[in-house]
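Okay, here's what each chain looks like letter by letter:
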Amino acid sequence: MLDELLDNNRAWAEGIEARHPGFFRKLSRQQRPEHLWIGCADSRVPANEIVGLLPGELFVHRNVANIVTHTDFNCLSVIQYAVDVLKVRHIIVCGHYGCGGVAAALTNHKHGLIDNWLREIKDIYHRHETRFRLLDENRRLDLLCELNVAEQVKNVCHTTIVQDAWDRGQALAVHGWIYRIEDGLIRDLGKTITGKDQIEGIYRTVDPQPLPDAS
Ligand code: CO
């Protein structure tokens, strides 16, 4: 079974090398992606493939339900490397309709450890509860998938990493997209944030007041 994967790998590498001679040798020297992708771990949403980018063109972080939490050092480390070192111009949070993680959060069933991870999404539901009342089950899931993306876009922007980058004058835009597995198409949710002035009050960082001169 695994031999098939290794055969596929050889054919894939040969194919790319045939189309772009020297591709892997050049790539081994450096990566210069302009985009960071934060997406769901779902096997049906393979980041590079659905936006047609080659190895080296997309820095990727994926987890269940594309959640960005300020205590997740895995995700924060990815964002820091992408912003501070690679100097990506765009961070794309891409959710997808029919997300199993979001669907699990919409129920009261126990799923084990993952319920702690998905709590974040229940909080989003709770904050917008009135919007869900009149919707059928499918529309409820669609709406929560969209609200989750919008929330995670904000969470990316609330990090010290992104705010410090803007303070340095670094151009950086954070986008919210959603992918539909049924047709393979991405939709921009129009939630792009490009600067500190678009961040809500309490989350915005400012330099501390200088101490009064003692002399
Ligand atoms: Co998902």
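In what follows, the structure referred to is the one given above.
Rules used throughout
- Residues numbered from 1 in each chain as written.
- Predicted model: local features only at pLDDT ≥ 70, side-chain atom pairs only at ≥ 80, totals over all residues.
- Heavy atoms only, no water.
- Axes fitted to C-alpha atoms, helices over the stretch in contact; angles between N-to-C directions.
- Helix = DSSP H or I, 4+ residues; strand = E, 2+ residues; numbered from the N terminus.
- Parallel < 35°, antiparallel > 145°, perpendicular 65-115°, else oblique.
- Contact = heavy atoms within 4.5 Å.
- Nonpolar A, V, L, I, M, F, W, Y, C, P; charged D, E, K, R; others polar.
- Pairing = 2+ DSSP bridges.
- Buried < 20%, exposed > 50% of the residue type's maximum accessible area, 1.4 Å probe, protein only.
- Phe/Tyr/Trp six-rings, centres within 6.5 Å; stacked < 30°, edge-to-face > 60°.
- Lys NZ or Arg CZ within 6 Å of the ring centre and 35° of its normal.

A word on the packing of helix 7 (residues 137-158) against helix 8 (residues 160-167). When two helices pack together, their arrangement is captured by the angle between the axes and the distance separating the axes. It is at 4 Å that the axes of helix 7 and helix 8 come closest, and there the two elements cross at 60°. In terms of orientation, helix 7 and helix 8 fall into the oblique class. Where helix 7 approaches helix 8, its residues Val 156, Cys 157 and His 158 are matched on the opposing element by Thr 160, Val 162, Gln 163 and Trp 166. Classifying every residue of the contact of helix 7 with helix 8 gives 4 nonpolar, 3 polar and no charged.

Alignment of strand 4 (residues 173-180) against strand 5 (residues 185-188), held across 4 bridges, turns out to be antiparallel. The partner of Arg 180 across the bridge, within strand 5, is Leu 185. Taking the residues that link successive antiparallel strands as the turn, the strand 4-strand 5 hairpin has 4 residues, and the phi of Gly 184 there is positive, at about 75°.

What follows deals with the packing of helix 6 (residues 114-127) against helix 7. Running from amino to carboxyl end, helix 6 crosses helix 7 at an angle of 105°, the nearest separation of the two axes being 10 Å. Here helix 6 is positioned roughly perpendicular relative to helix 7, judged by the angle of their axes. Residues Glu 120, Ile 121, Ile 124, Tyr 125 and Arg 127 of helix 6 touch helix 7, and the partners they reach there are Arg 140, Leu 144, Leu 147, Asn 148, Glu 151, Gln 152 and Asn 155.

Before going further, it helps to spend a moment on helix 8. All of the buried residues along helix 8 are Ile 161, Val 162, Gln 163, Ala 165 and Trp 166. The elements touched by buried residues of helix 8 are helix 4 (73-85), strand 3 (90-96) and helix 7.

Attention now moves to the pairing of strand 3. Burial analysis of strand 3 places 6 of its 7 residues in the buried class, which makes it a mostly covered element. Sheet analysis places strand 1 (residues 35-40) next to strand 3, joined by 5 bridges and oriented parallel. Residue pairing for strand 3: His 35 is matched across the bridge by His 90. Bridging between strand 3 and strand 4 involves 7 bridges; their strand directions are parallel. The partner of Ile 92 across the bridge, within strand 4, is His 175.

Looking now at the packing of aromatic side chains. On inspection of all chains with the given rule, the structure shows 5 aromatic pairs. Residues Trp 37 and Trp 177 carry aromatic rings whose centres are separated by 6.4 Å and whose planes lie at 80° to one another, so their mutual orientation is edge-to-face. One end of the pair, Trp 37, is in strand 1; the other, Trp 177, is in strand 4, with 140 residues separating them in the sequence. Cluster of aromatic residues (ring-pair linked, three or more members): Trp 12, Phe 23 and Phe 24. Between the NZ or CZ atom of Arg 180 and the centre of the ring of Tyr 97, over which it lies, the distance is 4.2 Å.

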